[in-house]
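Listed below, chain by chain, are the residues.
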Amino acid sequence: PQKDLLLQPNHGPQSGGTRVKVSGIINTEISSSSSDQLSLCKFGNDTFPAIEVNWNSGYILCTSPPSSSTGFASSIKVDISMTGDVDSFTDIGVIFQYDTDVVIKSLRPASGPVTGGTLIKVHGGPFQNRDEIICRFDEKDVIATYHDENEVSCVSPIFGWVDEVQRVSVFSMASSPEIQTISAT
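This write-up is about the structure you can find in this document. (Residues numbered from 1 in each chain as written. Predicted model: local features only at pLDDT ≥ 70, side-chain atom pairs only at ≥ 80, totals over all residues. Heavy atoms only, no water.)

1. A closer look at the pattern of salt bridges
So, point 1. Taken as a whole and assessed by the stated rule, the structure comprises 1 salt bridge.
So, point 2. Across the salt bridge formed by aspartate 141 and arginine 136, the nearest N and O atoms sit 2.7 Å from each other. (Salt bridge = Lys/Arg side-chain N within 4 Å of Asp/Glu carboxyl O.)

The structure is reproduced here in structure tokens:
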């Protein structure tokens, strides 16, 4: 029996790039027979290949398109095709909400030790008071603390020795552009 689709997260920035985990409907009969086929994600009327499929864990990973490609809609229906056939979407669909893009104005401090532990205040916004706000330091994610719509903070992770500038992004479970740099000291 089919279940409802679940999206994690169910929202992301208007600029797109949110990695959306779609789960809840993986049918083992379909998935085992189509394991070599490309799964598809549909946002509104636009179809894209899934970026990851994990039949054992029961999810498909999709990337949200920019809202400009969906006619600047504030929310759109998301659906999947497990077989890769454009005529075999589930027609269950759930709503993905577009958020206003976050603008980062400053990071304080702008550098810290590679041993981590530096409290970084990120100013900008508009930040939303959601549980899944994270700061990404290169490829390392840490949970951010929401203070208000103009500020979040996070603690830098341990890097060990690096002899290069690390890039930091702040987003709500989304792939957003790199916004500032923190130098290794």
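What follows continues from the structure just given.
2. A few points about the environment of phenylalanine 89
So, point 1. Within the fold, phenylalanine 89 resides in the loop between β8 (75-81) and β9 (94-99).
So, point 2. In sequence terms phenylalanine 89 and lysine 42 are 47 residues apart; their C-alpha atoms lie 8.3 Å from each other. (Helix = DSSP H or I, 4+ residues; strand = E, 2+ residues; numbered from the N terminus.)

3. Looking at the packing of aromatic side chains
So, point 1. With the rule as written, the count across this model stands at 2 aromatic pairs.
So, point 2. Taking the centre distance of 5.8 Å and the plane angle of 85° together, the rings of phenylalanine 43 and phenylalanine 96 count as edge-to-face. Here phenylalanine 96 lies in strand β9 and phenylalanine 43 lies in strand β4 (residues 40-43), a separation of 53 residues in the sequence. Each member of the pair, phenylalanine 43 as well as phenylalanine 96, carries the same accessibility label: buried.
So, point 3. Relative to tyrosine 98, the ring of phenylalanine 96 lies with its centre 5.3 Å away and its plane at 85°, an arrangement referred to as edge-to-face.
So, point 4. Under the relative-accessibility criterion, tyrosine 98 is labelled buried at 5%.
So, point 5. Grouped by ring-pair contacts, the aromatic residues Phe43, Phe96 and Tyr98 constitute a single cluster.
So, point 6. The positively charged end of lysine 21 is found above the aromatic ring belonging to tyrosine 59, 4.7 Å away from the centroid. (Phe/Tyr/Trp six-rings, centres within 6.5 Å; stacked < 30°, edge-to-face > 60°. Buried < 20%, exposed > 50% of the residue type's maximum accessible area, 1.4 Å probe, protein only. Lys NZ or Arg CZ within 6 Å of the ring centre and 35° of its normal.)

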